[in-house]
Amino acid sequence: MDNSVRVLSTLALKGAVSRLAGHYEAANGVRIDADFAPTLALLERLRRGEDADLVILTREGLDELAREGRVISASSIDLARSYIGIAVRGGAAHPDIATEAALRRALLAARSVAYSRIGASGIFFAQLIERLGIAAEVNAHAVVIPSGFTAEKLVTGEADLAVQQISELKQVLGIEIVGPIPRELQTPAVFSAGLVATSNDAGEAGRLLHHLASPEVAPALRESGLEP
C-alpha cells in the first residue's frame, strides 16, 4: 500500500513544505504527496471532488470549505502569516518602495509589472493600485499571469517588477527581492491547514498537520519568507 498523505497547498507554502518533506518522510516513513496552486484554483478542484487528506489555504478559503463540510472545522490550524513584496531581476537596480509615495513612483516608472490574476497577492495588488489611483497606468503595461510565480517574468525580461507573496518570490532563481511593500499598505495573508473530511487516512494526515503547526517547523517557515 502507498503510505502517503495527499496535500493540496497554496503556492505560498511550497518552499516550506518542500524543505520539510524529506526530513518528515525519513523520520515517519510516510510520503508527502503535495501539489501546489493558488487558493482559488484549489477551492475549485476540491469542490469538483478531487481527493486530498490535508489542505493548506488562506484562512478565508479554509473557512469556506469548513462551512461546506469539506474540511473538519475543529482541525483548522493557522500556520503562518505572509506579506507581499517586490522583486527585480538579479543585478537590476532596487527601486525605493519604503513609503506609499515611493512605491507609487516605482510602479509608475517600471516598464512592466508582473502580478497574478487569482492568487491572494494578485487580488490584493489589483485592489492596491486602484486605491493608489494608478490602476489604469500600471495595467496598461502589466503582465498578468493566470497563476504561478510572477518573478519568472523577471527572468524572461517580460517585466521589471514582480509582485507576490515574499515566500513565492523566493521560489524563483535569478531574481532579487527588494523588500516588502510598506506595512501600512499591507493586508497580511494568513495561511491555515485543515483535514479533509473525506480523507482516506485521517490519522497520518492529522500527525502531519500537527507537525506543520509545531515550533520545530518555525525556522523553515521563516527561511521561506513567512512568519510563523
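This text follows the structure it describes.
Here goes a summary of the coordinates provided. Keep in mind that what you see is a predicted model, and the values were worked out from it rather than measured.

Things to note about the packing of helix α2 (residues 39-47) against helix α3 (residues 59-67)
Move 1: Direction vectors running N to C along α2 and α3 enclose 15°, while the axes themselves pass 10 Å from each other. Judged by the angle between their axes, α2 and α3 are roughly parallel. With respect to the hand of their crossing, α2 and α3 are arranged in right-handed fashion. Here Thr39, Leu43, Leu46 and Arg47 of α2 lie close against α3, whose contacting residues are Gly61, Glu64 and Leu65.
Move 2: The residue inventory of the contact of α2 with α3, partitioned by class, reads three nonpolar, two polar and two charged.

Thoughts on the nonpolar core
Move 1: One finds Leu13, Leu54, Ile56 and Leu208 to be the most contacted residues of the largest nonpolar core, which totals 42 residues.
Move 2: A per-element tally of this core places helix α1 (residues 14-28) first, with five residues.
Move 3: Among residues more than four places away in sequence, those in contact with Leu54 are Arg6, Val7, Leu8, Ala193, Gly194, Leu195, Val196, Ala205, Leu208, Leu209 and Leu212.

Brief notes about α1
Move 1: Helix length check: α1 (15 residues) gives 20 Å between terminal C-alpha atoms against 21 Å at 1.5 Å per residue, within 8%.
Move 2: Along α1, the positions that sit buried rather than exposed are Gly15, Ala16, Val17, Leu20, Ala21 and Tyr24.
Move 3: Of the surrounding secondary structure, the elements contacted by the buried residues of α1 are β2 (31-36), β3 (54-58), α9 (202-212) and α10 (218-223).
Move 4: Immediately beyond the C-terminal end of α1, within one or two residues, lies Gly29, with a positive phi of roughly 65°.

Examining the environment of Ala126
Move 1: Within the secondary structure layout, Ala126 lies in helix α5 (residues 120-131).
Move 2: The exposure class of Ala126 is partly exposed, given its relative accessible area of 28%.
Move 3: Taking C-alpha positions, Ala126 is 23 Å from Asp63, a pair spaced 63 residues apart along the chain.

About the thresholds
- Residues numbered from 1 in each chain as written.
- Predicted model: local features only at pLDDT ≥ 70, side-chain atom pairs only at ≥ 80, totals over all residues.
- Heavy atoms only, no water.
- Axes fitted to C-alpha atoms, helices over the stretch in contact; angles between N-to-C directions.
- Helix = DSSP H or I, 4+ residues; strand = E, 2+ residues; numbered from the N terminus.
- Parallel < 35°, antiparallel > 145°, perpendicular 65-115°, else oblique.
- Left-handed = near helix turned anticlockwise from the far one by under 90°.
- Contact = heavy atoms within 4.5 Å.
- Nonpolar A, V, L, I, M, F, W, Y, C, P; charged D, E, K, R; others polar.
- Core = buried A, V, L, I, M, F, W, Y, C linked by side-chain atoms within 4.5 Å.
- Buried < 20%, exposed > 50% of the residue type's maximum accessible area, 1.4 Å probe, protein only.
- Expected span 1.5 Å × (residues − 1).

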